[in-house]
Amino acid sequence: MGYIEPAPIKDKENPFESMMSRFRIAAQHLGLDDEVYDVLKSPTRQVIVSLPVTMDDGSIKVFEGYRVVHSTILGPSKGGVRYDMDVNIDEVKALAAWMTWKCAVVDIPYGGAKGGIRCNPREMSPGEIERLTRAYTQEMHEVFGPDRDIPAPDMGTGPREMAWLMDEFSRARGMTINSVVTGKPLVLGGSLGRTEATGRGVMITALAAMERLKINPYQAKIAIQGFGNVGSWAARLLEERGASITAISDLSGAYVNEKGINIDDAIAYRDKNNGSLEGFAGVAKITNEELIELDVDVLVPAAKEDVIHSRNAAKVKARLIVEGANGPTSAKADSIVNDAGIMAVPDILANAGGVTVSYFEWVQNRLGYKWTGERVNRRSDRIIKTAFNNVYRVSQEYNVSLRIAAYIVAIDKVAKTYKYRGGF
Ligand code: NAD
């Protein structure tokens, strides 16, 4: 019998618990009232719908769809819609709360939400996905709205699905309302700068953190996990700022060149090679697990959650981690990373460039006006830089990690607003 490689060990964390463990620490530092704590930990609304869809072969399949609105205290709720077989209510609840904190930390006037449908979009035809998206929008049209809850793309969805969602919502209301959703194609009111926005925010926060750590970007070696939208844009923009990207990766594995990888070449190769880096020349191949432990100055996990876990956290050699992905560091690994003196720019700050430009898309739609890409970038850079400085200051003030500081900033803002608004 052949040797079967064991599955990678990782901290299996319930995503809601993982979010709550950080929330609890920040709440304790803030001395949050029990009542406010209870309000902020409970999602405002959880909707589960069943969606019968006619498949191409004439059969009817029933899908389950979710939308969780965690909070509307700061404004209409905002968050993506995920199409994936692993979607479940606990995950959607956690991601919705994450969105509340993310919007609050960058100070944009939104609450948090998340949605999803349990399905495998890779096994469905475009027609089936369109009918599923329209059915979901119909069921959720009382939840969604430009002043209520504004969806966006997430895993398994993109501009195409957002166009269908906007169209179906507009039909239900009898008029075109493009501000109900962001991440739309440009011709439907999408924003310039949205595609690169998250990677750009990663670059801005990475440079700000490097400045604090006195790491010269021109001498910095950076490893980036994930070469999709976030990872490849972060790589390109950091390379433009003088850094040497010595490792990149995707599902096919990780690729290393100590002298630095030419990112434009890697992007061109990926685009010609069906989205994969497999076979990219001039690099040594290692595993994604090995990439985490490389001897680099900066590590950017920009693929998936829980890749830095309790078993490999002590082996991280980078002095700085910038979380392009959502939840790449498990809650159990947090303290190991901190004790090792590694600075970690948390996801709710590092990848908030995306939601910031989504907000600009909504603003432009409501103005009926288009901004230049230059204006979008300038304004989002300013927002992200200000948020970083604010979180950094709070981390010094409370003597906590940037992650807990980001939660403190966010929770404080939402709690104060809640106190002004009041309840029943
Ligand atoms: P994407 O689908 O464009 O790219 C994902 C990349 O990660 C691909 O290169 C894929 O091959 C790689 N990957 C997938 N599984 C992997 C694995 N097990 N090991 C190594 N690599 C793997 O996705 P994206 O939009 O770049 O999102 C990446 C992360 O960033 C996700 O956690 C997402 O939630 C988060 N994020 C994205 C945005 C955005 O605007 N796109 C905003 C905020 C956060």
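Structure: above.
Okay, so let's go over this structure. Since we're looking at a predicted model, the values are computed, not measured. (Residues numbered from 1 in each chain as written. Predicted model: local features only at pLDDT ≥ 70, side-chain atom pairs only at ≥ 80, totals over all residues. Heavy atoms only, no water.)

Turning to the packing of aromatic side chains, a few remarks are in order. Enumeration according to the criterion identifies 10 aromatic pairs in this entry. With a centroid separation of 5.2 Å and 50° between ring planes, the pair formed by F360 and W371 is classed as tilted. Taken as a pair, F360 in helix α12 (residues 353-367) and W371 in the loop between α12 and α13 (373-398) lie far apart in primary sequence, 11 residues in all. On the accessibility criterion, F360 (4% relative accessible area) is buried. Following the ring pairs from residue to residue traces out a cluster consisting of Y110, Y359, F360, W362 and W371. The cationic tip of R212 hangs over the ring face of Y392; the distance from NZ or CZ to the ring centre is 4.1 Å. When the ring centre of W371 is taken as reference, the NZ or CZ atom of R375 above it lies at 5.4 Å. (Phe/Tyr/Trp six-rings, centres within 6.5 Å; stacked < 30°, edge-to-face > 60°. Helix = DSSP H or I, 4+ residues; strand = E, 2+ residues; numbered from the N terminus. Buried < 20%, exposed > 50% of the residue type's maximum accessible area, 1.4 Å probe, protein only. Lys NZ or Arg CZ within 6 Å of the ring centre and 35° of its normal.)

With that out of the way, let us pick up the sheet that holds strand β6 (residues 221-225). An order of β9-β8-β7-β6-β10-β11-β12 is seen for the seven strands of this open sheet, with the pairing classed as mixed. The open sheet has two free edges, formed respectively by β9 (284-286) and β12 (343-345), since each of these has just one partner strand. Adjacent strand axes in the sheet meet at a mean angle of 20° when their direction is disregarded. One ladder, built from four bridges, connects β6 with strand β7 (residues 244-250); its direction is parallel. (Pairing = 2+ DSSP bridges. Axes fitted to C-alpha atoms, helices over the stretch in contact; angles between N-to-C directions.)

All buried positions along helix α10 (residues 331-339) are accounted for by A333, D334 and V337. Looking straight down α10, one finds that the buried residues subtend no more than 120° of arc, so they occupy a single side. G341 sits one or two positions beyond α10 and adopts a positive phi of about 75°. (Arc of directions from axis to C-beta.)

Close to the ligand lie 17 residues, the nearest being T198, F227, N229, V230 and K304. Contact distances for the ligand include 3.2 Å between an oxygen atom and a backbone N or O atom of G228. For the ligand, an oxygen atom lies 2.9 Å from a polar atom in the backbone of N229. For the ligand, the accessible surface in isolation is 830 Å², of which the surrounding protein chains cover 71%. Of all the secondary structure elements, the ones that give two or more residues to the shell around the ligand are α6 (194-212) and α7 (229-240). Across the shell around the ligand, the residue classes tally to six nonpolar, eight polar and three charged. (Near = heavy atom within 4 Å. Polar contact = N/O pair within 3.5 Å; in protein donor to acceptor, adjacent residues only side chain to side chain. Areas by Shrake-Rupley, 256 points an atom, 1.4 Å probe, with all protein chains shown as cover. Nonpolar A, V, L, I, M, F, W, Y, C, P; charged D, E, K, R; others polar.)

In this section: unusual backbone geometry. Despite not being glycine, K214 has its phi angle at roughly 55°, a positive value. The topology assignment puts K214 in the loop between α6 and β6. With relative accessibility at 74%, the residue K214 sits in the exposed group. Of note in this structure, D306 is not a glycine but carries a positive phi near 55°. Looking at the secondary structure, you find D306 in the loop between β10 (298-301) and β11 (320-322).

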